[in-house]
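Reading the structure
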Amino acid sequence: MNRLQDVFLQKQGNLLNVYFTAGYPTLHSTRPLLRALQAAGADLVEIGMPFSDPLADGPVIQDSSTQALKNGMTLSLLFEQLAGMRDEIQLPVLLMGYLNPVMQYGMERFCADCEKVGIDGLILPDLTLDEYEREFKPLFEKHGLAAVFLVTPQTDEARIRKIDALSNAFIYLVSTASTTGTKNAAQSATEAYLQRVASMQLQTPAMVGFGIKDRSGFELACRYTRGAIVGSAFIDALQGASEEDFPALCKSFVERFKSPVSTT
Amino acid sequence: MTTQTKSPYAVDERGFYGRFGGAYIPELLYPNVEELQKNYLKIIEQADFQEEWRALLRDYVGRPTPLYFARRLSERYGAKIYLKREDLNHTGAHKINNTVGQILLAQRLGKKRIIAETGAGQHGVATATVCALMGMQCVVYMGAVDMERQKPNVERMRMLGAEVRPALSGSRTLKDATNEAIRDWINNPADTHYIIGSVVGPHPYPDMVARLQAIISEEIRKQLKEKEGRACPDYVVACVGGGSNAAGAFFHFLDEPQVQLVAVEAAGKGIDTGKTAATIARGRIGILHGCKTLLMQTPDGQVVEPYSISAGLDYPGIGPLHAHLHDTGRARFLAVTDDEAMEAALELSQTEGIIPAIESAHALAALKKMSFENDEVMVVSLSGRGDKDLATYIDYFGRRS
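Throughout what follows, the structure given in this document is the object of discussion. Computed from a predicted structure; not experimentally measured.

Thresholds applied
Residues numbered from 1 in each chain as written. Chains lettered and ligands numbered in written order. Predicted model: local features only at pLDDT ≥ 70, side-chain atom pairs only at ≥ 80, totals over all residues. Heavy atoms only, no water. Core = buried A, V, L, I, M, F, W, Y, C linked by side-chain atoms within 4.5 Å. Buried < 20%, exposed > 50% of the residue type's maximum accessible area, 1.4 Å probe, protein only. Contact = heavy atoms within 4.5 Å. 1 Å grid on protein atoms, 1.4 Å probe; cavity = no way out; pocket = protein on both sides within 12 Å on 5 of 7 lines; lining within 4 Å. Points joined across faces, edges and corners; volume = space filled by probe spheres on them. Helix = DSSP H or I, 4+ residues; strand = E, 2+ residues; numbered from the N terminus. Nonpolar A, V, L, I, M, F, W, Y, C, P; charged D, E, K, R; others polar. Pairing = 2+ DSSP bridges. Axes fitted to C-alpha atoms, helices over the stretch in contact; angles between N-to-C directions. Salt bridge = Lys/Arg side-chain N within 4 Å of Asp/Glu carboxyl O.

**A look at the nonpolar core**
One finds Leu 95, Phe 110, Phe 140 and Phe 170 of chain A to be the most contacted residues of the largest nonpolar core, which totals 196 residues. Residue contacts for Phe 170 of chain A: discarding those within four places in its chain leaves Leu 4, Phe 8, Asn 17, Leu 44, Leu 94, Val 148, Phe 149, Thr 204, Pro 205, Met 207 and Ile 229 of chain A. Judged by nonpolar contacts, the second largest core, of 38 residues, contains Tyr 235, Leu 348, Ala 365 and Tyr 393 of chain B.

Written as structure tokens, this is what we have:
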């Protein structure tokens, strides 16, 4: 059992998963942001591997990717930055990104390096369910990497069941049929969809992502699932920030969604 | 049909041509793409679809396009050169064969809204045209940089009633316009059909677009039979960016090994200069826009902006069919520089009285790189006309003189 599966079992209450793009706002933000998010009380972290053509992302995350690439971010550098993180970071950490850079790095080498630095799971939106099942499942499992798949309001029940069977950490419920960072998810259509999925009694816990910007969106997500993933709103908050701002910035950001938890 | 052996160049049931193709799409696109995968062949093969599509190609597009024996050009090169005059289609290029087909398909799928990407604007104009014809809402994504470079086509699309939205992300050209169109489709999954303009994108697009462009080689066979007494030429030559006119010109010759297929890429300033669009020569296998194919990219897998003087050939990938034709050696790939293409355009203008699109001029420039026997028959796909390129021609030849 890895940290990722553990967090859903051990932690009570709502889970906040915060996304940021590696190499943004500055090339060497990765470790300081991980530390600051952990101290601020985030429950999981998702690190985006920047790509020139991020199809499923809206303008905010696209722009952060473009900036990260300009800053000089690469997969090799990211693994260097993450080396040794498990000495200080106990949070579950996922990598999110598109297939092409991973493919050029080499899927086997990528998975081995993920295991080496202590990555717990992967979200690769253009890796389809079929392709995962046919080609990469044993590799992911060998390196202790959980595969996280997306479900959208258009996904039919049979496919959700299939995704549930193949998932070993959590299912990523896309709040509305949209790219990341679009309008707030607190809408009745969203609620009906979350209700529908919740009523399916899946074995895998779910989190909601895309369009979660504030406490009301977060709490709506938490009524039906274990928590939410916040990306674009955090990237927005990071704009123009420097390393010394991170602790305070992350603390107030996390508090936008969750009340501070007593540490006793 | 079921007993027929499958062509090694046809797409397989998972959408692959050899090691290329597939549908690497985020789950958000799965319902749209699955709907197309399940229905495209059924719809295209229906009698009423074929009837309506062919009637429109005849009465609206102006097909069949002539297969013209270029006498003076033939004398110059010492072969029998035929030009397949796709430049004489309505809107000035082969692109409309595909858009007429896809809009009929969209109607049969009950879609109300059409989106498209465009680079130089030819596919955008062809899409805006059929949307006007069918009274459907049309949104065309175009890189902000391309909108500046190709203003007349932007105005043309607007006059046809389409909304042209600038792609402001990334390098602000064709690949970014494609990203934006895909994002629009993600955001509007139920009522919208995405008309991709080339043999790229997730399965079934490469096969669907190739089948709609296959009308080109279907006509060549018939016309050549009348003129030469045989359906198969010795060579078929076509330019490739994404590769839709080449796919259409090759389609009905793929399983005729005696026909040599020649695909011509844009070398830009030269394949070793870093300013090139020659994907076969310079690409590595990768995934872009839902498709595994050869791709211009950095060692880290970031997609590189290609360069060519021709705005219609600067896509960083190539259709998976073409990557497979290269892998198997079925087609020969040549690369032609900006200068060679411009020279060939001038030559065709002054020997045959036809000003070609710069894209098509790349195919013509390949003639200089080939050797043939006197009586050999070759068909060159003249994919588009040069009106849209006049400013580039004036600028180029003006600077040179």
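More follows now that the structure is in view.
**Considering the layout of surface pockets**
Put simply, the largest pocket is a space of about 1,200 Å³. Looking at the largest pocket, it is lined by 46 residues, and the ones nearest its centre are Val 11, Tyr 40, Leu 41, Asp 207 and Arg 211 of chain B. Elements supplying a minimum of two residues to the lining of the largest pocket: α7 (129–142) of chain A together with β1 (16–17), α1 (30–45), α2 (47–61), α9 (205–213) and α10 (215–228) of chain B. Of all the elements, α1 of chain B adds the most residues to the lining of the largest pocket, at seven residues. Tallied by class, the residues present in the lining of the largest pocket amount to 23 nonpolar, nine polar and 14 charged. If you go around the second largest pocket, you meet 27 residues; those closest to its centre are Arg 149, Gln 150, Ile 309, Ala 311 and Thr 392 of chain B.

**What to know about empty space enclosed by the protein**
If you roll a probe as big as a water molecule over the atoms, it shows you where there is empty space left. Residue and element names in this part refer to chain B. Under the counting rule described, the total for this entry stands at eight cavities of 30 Å³ or more. By volume, the largest cavity amounts to about 440 Å³. Surrounding the largest cavity, 35 residues form its lining, Lys 95, Gly 197, Ser 198, Gly 312 and Leu 313 being those nearest its centre. Mapped onto the lining of the largest cavity, the elements with two or more residues apiece are β5 (113–118), α5 (122–134), α8 (174–187), α11 (244–250) and α15 (358–365). Of the residues that constitute the lining of the largest cavity, the class distribution is 12 nonpolar, 19 polar and four charged.

**Section: unusual backbone geometry**
Geometrically, the link from Arg 63 of chain B to Pro 64 of chain B is a cis peptide bond, its omega value of 0 degrees lying close to zero. Between His 203 of chain B and Pro 204 of chain B the backbone carries a cis peptide bond, its omega angle lying at 15 degrees. Mapped onto the fold, Pro 204 of chain B is located in the loop between β8 (192–195) and α9. The backbone phi angle of Phe 210 of chain A is positive, close to 75 degrees, even though this residue is not glycine. If you trace the backbone, Phe 210 of chain A turns up in the loop between β8 (206–209) and α10 (215–224). Classification of Phe 210 of chain A as buried rests on a relative accessible area of 8%. Phi is positive for Arg 172 of chain B, which is not a glycine, with a value near 60 degrees.

**Examining the sheet that holds β8 of chain A**
Residue and element names in this part refer to chain A. Pairing is parallel in the open sheet, where nine strands are placed in the order β5-β4-β3-β2-β1-β9-β8-β7-β6. Edge positions in the sheet fall to β5 (146–147) and β6 (150–151), since each has one partner strand and no second. α10 contacts β1 (15–21), β8 and β9 (227–230) of the sheet and is inclined by roughly 140 degrees relative to β9.

**Quick word on the pattern of salt bridges**
Residue and element names in this part refer to chain B. Applying the stated criterion to the full structure yields 47 salt bridges over all chains. Here Glu 340 makes a salt bridge to Lys 369, at a shortest N to O gap of 3.1 Å. Here Glu 340, found in helix α14 (residues 338–352), pairs with Lys 369, found in the loop between α15 and β14 (377–382); they are 29 residues apart in sequence, far enough to count as distant. One continuous salt-bridge network, built from bridges that share partners, spans Arg 63, Lys 84, Glu 86 and Glu 219.

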